[in-house]
Amino acid sequence: MGARLWPLAYNGVVVPASRLALHGLARTTPKLARGIEARRGLEERWREGALRSAGRRPRIWLHAASAGETLQARPLGDAFHDAHPQGALFYSFFSPSAERMVAGWNAPDMADYL
């Protein structure tokens, strides 16, 4: 297969097949279903969060994929928030388990899936 056909094959076959497989698996895996559902409208939520904090400096973005990494990132986010109360802290994650942990964390100005 030529180099020019790979993007077509990937975008035309692999991506749609992956989406179908994910949605099929989500029917039997509640955590996966939550992760898919929570990402609807994600780009707009991040855009709104950025606009709400426009002009605030410094700005930092922390990302931790899982709940365990969230436990490790929180002290860093809290330290940033304490040292720079005029700053903006953005926090992103991948896991629905991390979503639950972030729900009670007041330090981030914006926290959501990536």
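Below you will find a few notes about this structure. (Residues numbered from 1 in each chain as written. Predicted model: local features only at pLDDT ≥ 70, side-chain atom pairs only at ≥ 80, totals over all residues. Heavy atoms only, no water.)

**Let's talk about the sheet that holds strand S2 (residues 88-93)**
And then number 1: What the three strands build is an open sheet, ordered S1-S2-S3; its pairing is parallel. The sheet is open, and its two edges are formed by strand S1 (59-63) and strand S3 (110-113), each paired on a single side. Within this sheet the neighbouring strands show an average axis-to-axis angle of 15 degrees, counted without direction.
And then number 2: Contacts between helix H3 (residues 42-52) and the sheet are confined to S1, S2 and S3, with S3 contributing the most and set at about 165 degrees to the helix.
And then number 3: The strands that helix H4 (residues 67-83) touches are S1 and S2; relative to S2, the one it contacts most, it runs at about 170 degrees. (Pairing = 2+ DSSP bridges. Helix = DSSP H or I, 4+ residues; strand = E, 2+ residues; numbered from the N terminus. Axes fitted to C-alpha atoms, helices over the stretch in contact; angles between N-to-C directions. Contact = heavy atoms within 4.5 Å.)

**A word on the side chain of Thr70**
And then number 1: Within the element layout of this structure, Thr70 appears in helix H4.
And then number 2: Among the residues examined, Thr70 registers a relative accessible area of 0% and is labelled buried.
And then number 3: Ignoring sequence-local partners within four residues, the contact set of Thr70 consists of Ala64, Tyr91, Ala98, Met101 and Val102. (Buried < 20%, exposed > 50% of the residue type's maximum accessible area, 1.4 Å probe, protein only.)

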